[in-house]
Amino acid sequence: MSINSILKQRASTRAFIDKPLSTGQLQEIFTSAQLSVSNCNVQPWQVMVVSGDTRIQLKQAFMRAIMSGNNPNPDFDWTPKYQNEHRQRQFGAANALYGSVGIAREDKQARMQSMARNWGFFDAPHVAFFCMEKYLGIMGAVDLGVYAQTLSLIMQEQGIASCMQGALGQFPDPAREILELPDELGILFGMSFGYADPDAPVNKTRTKRADLAAAVKFYN
Ligand SMILES: Cc1cc2nc3c(=O)[nH]c(=O)nc-3n(C[C@H](O)[C@H](O)[C@H](O)COP(=O)(O)O)c2cc1C
């Protein structure tokens, strides 16, 4: 399959069937992703792949954390207040998502419930947390972003769906405790993955991209 067709097929998936990948599949996918590029080849990603009983335990702990009403306390400060066309695109993505499941713009409670599904990993059988040492800052974040995209395309090639989730970096404490992460390691974001539920309306969500001219300038 060409990279182009993989890119065209991939879309963030937010409903999964209960069919875990085998240990062999997980090993193969994450072995391939090790070929991802990084600045000076430092390979700063530390990836925690959570499945089975630990995933259930973590989901319950996340639910308690978000129900407690505490403010997010991410390890890294990466929540921008989007402006101008970025804000419009953010609205566009939210409208596409909520529109696919029939949630009205003014229905705050339904939107919050839909948002909360992030911390239940959208019922995916697996979730990966992309961690790096806290001192690394923006360069480490670039490398983790490249790694995550590499991973998602490798998965897509094998028919495995995923959703990257900044939400999974917002309340790091339950994961820190259950996964026994050392203090110097921070969670930047995460990704739920598995086989897509083909019947779930939320998986019909599609987003658009700006025209080439809005993103790329060519110079001679
Ligand atoms: C770094 C990053 C963080 C994201 N965080 C979330 C998230 O917390 N929850 C979610 O449902 N989608 C999240 N997404 C998915 C984006 O909303 C999605 O990629 C975007 O709307 C484009 O849609 P597409 O992936 O279907 O092409 C994230 C994507 C990226 C790259």
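Above this note sits the structure.
*Asks:* What is the right way to read the side chain of Gln 156 from this model?
*Replies:* Here Gln 156 is to be found in helix α6 (residues 137-157). Of note is the side chain of Gln 156, whose polar atom sits 3.3 Å from the side chain of Gln 9. Not counting chain neighbours up to four residues away, the residues in contact with Gln 156 comprise Ile 6, Gln 9 and Arg 10.

*Asks:* Looking at this structure, how should I read the site of the ligand?
*Replies:* Around the ligand sit 14 residues, and of these Arg 10, Ser 12, Arg 14, Gly 166 and Arg 209 come closest. The separation between an oxygen atom of the ligand and a polar side-chain atom of Arg 14 is 2.7 Å. Thr 207 is positioned such that a nitrogen or oxygen atom in its side chain is 3.0 Å from an oxygen atom of the ligand. When isolated, the ligand has an accessible area of 620 Å², and the protein chains bury 69% of it. Here the shell around the ligand takes 3 residues from strand β3 (residues 161-165), the largest share from any one element. A per-class count over the shell around the ligand returns 6 nonpolar, 5 polar and 3 charged.

*Asks:* Explain the sheet that holds strand β1 (residues 46-50) to me, please; I cannot follow it from the model alone.
*Replies:* Pairing between the strands of a sheet comes from backbone hydrogen bonds, and it takes one of two forms, parallel or antiparallel. Strand order in the open sheet formed by 4 strands is β1-β2-β4-β3, with antiparallel pairing between adjacent strands. In this open sheet, the two edge strands, each paired with only one partner strand, are β1 and β3. Strand-to-strand, the axes of this sheet are offset by a mean angle of 25 degrees, without reference to chain direction. Here α6 sits on the sheet in contact with β1, β2 (126-133), β3 and β4 (185-194), set at roughly 10 degrees to β4.

*Asks:* What should I look at first to understand the side chain of Gln 165 in this one?
*Replies:* Assignment of secondary structure puts Gln 165 in strand β3. With relative accessibility at 1%, the residue Gln 165 sits in the buried group. In this structure Gln 165 touches Asn 118, Phe 122, Phe 189, Gly 190, Met 191 and Ser 192, once residues within four positions along its chain are discounted.

*Asks:* Would you mind going over unusual backbone geometry with me for this structure?
*Replies:* Glycine aside, the phi torsion of most residues is negative, and most peptide linkages are trans. Non-glycine residue Asn 41 carries a positive phi angle of around 55 degrees. Examined against the element boundaries, Asn 41 turns out to sit in the loop between α2 (23-33) and β1. Here the phi dihedral of Gln 43 falls at roughly 50 degrees; this positive angle occurs in a residue that is not glycine. Mapped onto the secondary structure, Gln 43 falls in the loop between α2 and β1.

*Asks:* Please clarify how the pattern of salt bridges should be interpreted in this entry.
*Replies:* Side chains that differ in charge, positive against negative, can pair when their charged atoms come close. Counted under the stated rule, the structure contains 2 salt bridges. Here Asp 123 ties to Lys 59 by a salt bridge, and the two come within 3.3 Å at their closest N and O atoms. Of this pair, Asp 123 sits in the loop between α5 (108-116) and β2 while Lys 59 is found in helix α3 (residues 52-67), placing the two residues 64 residues apart along the sequence. Taking relative accessible area as the criterion, Asp 123 reaches 44% and is therefore assigned partly exposed. We note a salt bridge from Arg 176 to Asp 75, for which the minimum N-O separation is 2.9 Å. Of this pair, Arg 176 sits in helix α7 (residues 173-178) while Asp 75 sits in the loop between α3 and α4 (84-100), placing them 101 residues apart in sequence. Of the residues examined, Arg 176 reaches a relative accessible area of 14% and is grouped as buried. A relative accessible area of 22% means that Asp 75 is categorised as partly exposed.

*Asks:* Looking at this structure, I do not really get α2. What am I missing?
*Replies:* An α-helical segment advances 3.6 residues per turn. Residues three or four places apart therefore align on the same side. All of the buried residues in α2 are Leu 26, Ile 29, Phe 30 and Ala 33. The arc that holds the buried residues of α2, viewed along the axis, is 90 degrees, so those residues lie on one side. Counted as exposed and oriented over 90 degrees from the buried face of α2: Gln 27 and Thr 31. In this fold, the buried residues of α2 make contact with β1, β2, α6 and β4.

*Asks:* Can you help me understand the nonpolar core in this one?
*Replies:* As a rule of thumb, nonpolar side chains are buried together in soluble globular proteins. Counting 22 residues, the largest nonpolar core has Ile 29, Phe 30, Phe 130, Leu 151, Met 155 and Phe 193 as its most contacted members. Of all elements in the fold, only α2, β2, α6 and β4 reach the threshold of two or more residues within this core. Of the residues forming this core, the biggest block, 6 residues, is contributed by α6. Of all hydrophobic cores here, the second largest spans 18 residues; its members include Phe 62, Phe 129, Ala 167 and Leu 181.

Cut-offs applied
- Residues numbered from 1 in each chain as written.
- Predicted model: local features only at pLDDT ≥ 70, side-chain atom pairs only at ≥ 80, totals over all residues.
- Heavy atoms only, no water.
- Helix = DSSP H or I, 4+ residues; strand = E, 2+ residues; numbered from the N terminus.
- Polar contact = N/O pair within 3.5 Å; in protein donor to acceptor, adjacent residues only side chain to side chain.
- Contact = heavy atoms within 4.5 Å.
- Near = heavy atom within 4 Å.
- Areas by Shrake-Rupley, 256 points an atom, 1.4 Å probe, with all protein chains shown as cover.
- Nonpolar A, V, L, I, M, F, W, Y, C, P; charged D, E, K, R; others polar.
- Pairing = 2+ DSSP bridges.
- Axes fitted to C-alpha atoms, helices over the stretch in contact; angles between N-to-C directions.
- Buried < 20%, exposed > 50% of the residue type's maximum accessible area, 1.4 Å probe, protein only.
- Salt bridge = Lys/Arg side-chain N within 4 Å of Asp/Glu carboxyl O.
- Arc of directions from axis to C-beta.
- Core = buried A, V, L, I, M, F, W, Y, C linked by side-chain atoms within 4.5 Å.

In short, the description is geometric, and any link to function would need to be established separately.
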